[in-house]
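What follows is each chain in one-letter form.
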Amino acid sequence: MKTLTAAAVAELVNGTLIGDAEKVTNGVAGVKDATAEKISFVGSKKYQHQLETTAAGIVLINEDMANAPLNGRSFVVCSNVDAAFAKVLEFFAPEPVVYAPGIHPAASVDPTAKIGKDVHIGACAVIDRGAEIGDNTVIMPGAYIGVDAKVGSDCYIAPNAVVMFRCVLGNKVIIHPGVVIGGDGFGFIPGPQGLIKVPQTGIVEIGNDVEIGANTTIDRARFGKTRIKDNVKIDNQVMVAHNVEIGESSILVAQCGIAGSAEIGRGVILAAKAGINGHITIGDGAQVAGTSGVVKSLPAGAIAIGTPAESQREFMARLMLPKKVEKLQAKIEALTAEIEKLKQD
């Protein structure tokens, strides 16, 4: 079993120790569930009251909580509690699962596919004709890599994930279960006999170091490419439509959706259930609040809230308007009553 003393924790996270340096922890736990042998954290002063009830033997805290009573615990004061706790988690994490290179007898690999060095292909995975798999990549059971698709090196393709024909994945890409990359974009036009399907002839191109959460769908382009650039992180159940472009290091949180041909800049954050209209641009570093609907382009650095989305100032002004009207109505009623009283006098 791995253990750390409080002094070793402080050294690991480059923090400042308060309390018993020899106190020992053998793992991590939430602040409510922790026992005396566990290490936990409180990352905000508004949750400081949890220090009064937690049984954790060692707690990582922010600098503004350094004067909290120890009550028999040891504190490690950190400049960034979340980053520090991530280091502790990494220390106590189980050893990663290692998948031995090789192709399972129950896998189906077309003779024309190109398989790199030290690749693992699990049972019932299908690698279709002309597909290419880079070195050290892991293809889990039940995954499908389509005709002429390309998967880079050091990738992880989870069970039942799908990479459709001709789509391209860079290196160090992580695809979680149920992801579909390269399904047809949603394109139909009305005709005399009803809706006519518009061919979706493009591909999806995904950069390096991208992670895509479970059951997310990224549609192939009508023509050209749907592009996910380097270091983008996508949560579960996200919808990216055809010909969308996502800039580097952007974050797409659960159940948000982006309509066709929208352009998302670098370092953008789309919170849960946000919706982005098609054919608009979201500037670099913009943030869209959860459940907001963006119907027109946003400049770089914008913060958008509500539906239709608007700036923080506009949102707060509109939110406060009914209360202002109520106060104004009460004042009018009071003045009217005073005028009536003066008339009677």
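Provided above is the structure to which this section pertains.
All residue numbers here refer to positions counted from 1 along the written sequence of the relevant chain. Under the rules for a predicted model, residues below a pLDDT of 70 receive no local features and side-chain atom pairs below 80 are neither given nor counted, while totals for whole chains, interfaces and linings still include all residues. Values shown for side chains rest on all heavy atoms present in the structure; no hydrogens or waters enter the calculation.

(A) Spotlight on the sheet that holds strand β29 (residues 239-240). Paired strands, in this sense, are two strands between which DSSP finds at least two bridges. Only DSSP runs of H or I covering at least 4 residues are called helices, and only runs of E covering at least 2 are called strands; the numbering of each starts at the N terminus. The strand order β9-β12-β15-β18-β21-β26-β29-β32-β35-β38 describes an open sheet built from ten strands, whose pairing is parallel. The two strands at the open ends of the sheet, each matched to only one other strand, are β9 (108-109) and β38 (293-294). In terms of strand pairing, strand β26 (residues 217-219) meets β29 through two bridges, oriented parallel. For threonine 217, the partnering residue across the bridge sits in β29 and is methionine 239.

(B) Just unusual backbone geometry, in detail. Within the chain, asparagine 71 stands out as a residue other than glycine whose phi angle is a positive 50°. Turning to its location among the elements, asparagine 71 is positioned in the loop between β6 (58-62) and β7 (74-78). Note on classification: 1.4 Å probe, protein chains only; a residue is buried when its accessible area is under 20% of the maximum for its type, exposed when over 50%, partly exposed between these limits. We classify asparagine 71 as exposed; its relative accessible area is 55%. Positive phi, normally seen in glycine, also occurs at serine 249, with a value near 60°.

(C) View of helix α1 (residues 6-13). Looking at α1, one finds that the buried residues are Ala6, Val9, Ala10 and Val13. Axial view of α1: buried residues confined to an arc of 100°, hence all on one face. The positive-phi residue at the C-terminal boundary of α1 is asparagine 14, with phi of around 60°. Think of it as the arc spanned by the lines of direction from the helix axis to the C-beta atoms.

(D) Looking closely at the pattern of salt bridges. The salt bridge definition used is simple: a Lys or Arg side-chain nitrogen within 4 Å of an Asp or Glu carboxyl oxygen. All told, the structure shown has six salt bridges when counted by the stated rule. For lysine 197, the salt bridge is made with aspartate 184, and the minimal N-O distance between the two is 3.0 Å. Of this pair, lysine 197 sits in strand β23 (residues 194-197) while aspartate 184 sits in the loop between β21 (180-183) and β22 (188-191); the two residues are 13 residues apart in sequence, bridging distant segments of the chain. For lysine 197, a relative accessible area of 44% gives the class partly exposed. What makes aspartate 184 partly exposed here is its relative accessible area of 37%. Residue glutamate 205 is joined to lysine 225 by a salt bridge in which the shortest nitrogen-to-oxygen separation is 2.9 Å. Residue glutamate 205 is found in strand β24 (residues 203-206), and its partner lysine 225 is found in strand β27 (residues 225-228); the two are separated by 20 residues along the sequence. Residue glutamate 205 is classed as partly exposed on the basis of its relative accessible area, which comes to 21%. Look at lysine 225 and you get partly exposed, because its relative accessible area is 41%. Residues participating in the shared-partner salt-bridge network are Glu205, Lys225 and Arg227.

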